[in-house]
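Structural features, examined
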Amino acid sequence: MVQMFLSFAMGATECVLLGMMALDRYVAICYPLRYPIIMRKGAYVPMAVGAWVAGIVDSVVQTSLTMQLPFCANNVINHFVCEILAILKLACADISINVISMAGSNLIVLVIPLLVISISYIFIVATILRIPSTEGKRKAFSTCSAHLTVVLIFYGTIFFMYAKPKSKSSIGTNNQDIIEALISLFYGVMTPMLNPLIYSLRNKDVKAAMKYMLGRKKISLMDYEY
């Protein structure tokens, strides 16, 4: 149960953090001059804390509900880790409450952050397309490429696993269990490997794009004043 709690908490926190990173990218690309003011310590610390609190609370709820289920038959988890969906399949009782709770969890930590990411990137793309030079567009897009890669990998696999929690009566075949276990490696292994690329605005590409955007804004202001 400790392993299930930690893995679920990390996954839920990652979902919310990806939404926060999308907001960070939105401010950096669309409002580069105001970025140091908007994304100051008083803003990003509560954002990070909020992501962790949301993930931990969600995991506490899901783990607590799972611990109340009886497991009176097979105790072999057909997975690499004590993953919550794999454990629910072993329960010998009605798991409808767990399914409903999981649906609410999906709405909070999957759907809402995904909406934030989608809306943020709509504005980001619109801003980048207004950049006159091809080099400027390339640099701006490069600041978002790593984040978008992780979003596609992480959310793609997470939605496959959690968007439609299976009830106990719809247990899949062994092949389905193996496929789900392999897919879980993408968000359990691949995403953490890519995290260092997306959780800092101090890499060279982002700094170059920020300088370019700041330069364009300053030139526009100088032309206006002239």
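Residues numbered from 1 in each chain as written. Predicted model: local features only at pLDDT ≥ 70, side-chain atom pairs only at ≥ 80, totals over all residues. Heavy atoms only, no water.

Packing of helix H3 (residues 41-67) against helix H5 (residues 96-129) leaves a shortest axis separation of 10 Å and a crossing angle of 170°. Relative to H5, the element H3 lies roughly antiparallel. Contacts between H3 and H5 pair Asp 58, Val 61, Gln 62, Leu 65 and Thr 66 from the former with Ile 97, Asn 98, Ser 101, Met 102, Ser 105 and Val 109 from the latter. Here the contact of H3 with H5 is composed, by residue class, of five nonpolar, five polar and one charged. (Axes fitted to C-alpha atoms, helices over the stretch in contact; angles between N-to-C directions. Helix = DSSP H or I, 4+ residues; strand = E, 2+ residues; numbered from the N terminus. Parallel < 35°, antiparallel > 145°, perpendicular 65-115°, else oblique. Contact = heavy atoms within 4.5 Å. Nonpolar A, V, L, I, M, F, W, Y, C, P; charged D, E, K, R; others polar.)

Bringing H3 into the picture now. Here H3 is 27 residues long and its end C-alpha atoms lie 38 Å apart, about the 39 Å a rise of 1.5 Å per residue gives. Of the surrounding secondary structure, the elements contacted by the buried residues of H3 are helix H1 (2-30), helix H2 (35-38), helix H4 (84-88) and H5. (Expected span 1.5 Å × (residues − 1).)

What follows concerns a nonpolar patch on the surface. Taken together, the side chains of Phe 80, Val 81, Ile 178, Leu 182, Leu 185, Phe 186, Val 189, Met 190 and Met 193 present a nonpolar region at the surface, about 810 Å² in accessible area. If you trace the backbone, Phe 80 turns up in the loop between H3 and H4. Judged by its relative accessible area of 54%, Phe 80 falls in the exposed class. (Patch = residues over 30% accessible without salt bridge, like charges linked within 9 Å, V, L, I, M, F, W, Y side chains within 5 Å. Areas by Shrake-Rupley, 256 points an atom, 1.4 Å probe, with all protein chains shown as cover. Salt bridge = Lys/Arg side-chain N within 4 Å of Asp/Glu carboxyl O. Buried < 20%, exposed > 50% of the residue type's maximum accessible area, 1.4 Å probe, protein only.)

Here H1 spans 42 Å end to end across 29 residues, near enough to the 42 Å set by a 1.5 Å rise per residue. For H1, a buried count of 21 out of 29 residues is recorded, marking the element as mostly surrounded by other parts of the structure.

Among soluble globular proteins, nonpolar side chains are generally buried collectively. Membership of the largest hydrophobic core comes to 29 residues, with the highest contact counts inside it found for Leu 18, Ile 117, Ile 124, Phe 154 and Tyr 155. Those elements that provide at least two residues to this core are H1, H3, H5 and helix H6 (134-162). Looking at which element gives the most residues to this core, the answer is H1, with 11 residues. Formed by 10 residues, the second largest nonpolar core is a distinct cluster that contains Met 4, Leu 69, Ile 84 and Leu 88. (Core = buried A, V, L, I, M, F, W, Y, C linked by side-chain atoms within 4.5 Å.)

With that settled, the discussion passes to the packing of aromatic side chains. Applying the stated criterion to the full structure yields two aromatic pairs. Taking the centre distance of 5.7 Å and the plane angle of 80° together, the rings of Tyr 26 and Tyr 31 count as edge-to-face. By relative accessible area, which is 35% here, Tyr 31 ends up partly exposed. Residues Tyr 26 and Phe 123 carry aromatic rings whose centres are separated by 5.8 Å and whose planes lie at 65° to one another, so their mutual orientation is edge-to-face. In this pair, Tyr 26 sits in helix H1 while Phe 123 sits in helix H5, placing the two residues 97 residues apart along the sequence. Classification of Phe 123 by relative accessible area gives partly exposed; the value is 46%. Three or more aromatic residues joined by ring pairs form one cluster here, namely Tyr 26, Tyr 31 and Phe 123. (Phe/Tyr/Trp six-rings, centres within 6.5 Å; stacked < 30°, edge-to-face > 60°.)

Quick look at the pattern of salt bridges now. Scanning the model with the defined rule gives one salt bridge in all. Among the salt bridges present, the one from Arg 25 reaches Asp 24, with a minimum N-O distance of 3.9 Å. Overall, the relative accessible area of 1% leaves Arg 25 in the buried class.

Confidence along the chain averages 78 in pLDDT terms, with 76% of residues attaining 70 or more. Per-element averaging of pLDDT across the chain places helix H8 (residues 204-225) at the bottom with 55 and H3 at the top with 91. (pLDDT = per-residue confidence, 0-100.)

This paragraph deals with the packing of H1 against H3. Packing of H1 against H3 brings their axes to within 8 Å, and their N-to-C directions diverge by 150°. Crossing angle aside, the handedness with which H1 passes H3 is right-handed. Residues Met 4, Phe 5, Phe 8, Ala 9, Met 10, Ala 12, Thr 13, Val 16, Leu 17, Met 20 and Leu 23 of H1 lie in contact with H3, whose contacting residues are Met 47, Ala 51, Trp 52, Ala 54, Gly 55, Ile 56, Asp 58, Ser 59, Val 60, Gln 62, Thr 63 and Thr 66. Of the residues in the contact of H1 with H3, the class split is 16 nonpolar, six polar and one charged. (Left-handed = near helix turned anticlockwise from the far one by under 90°.)

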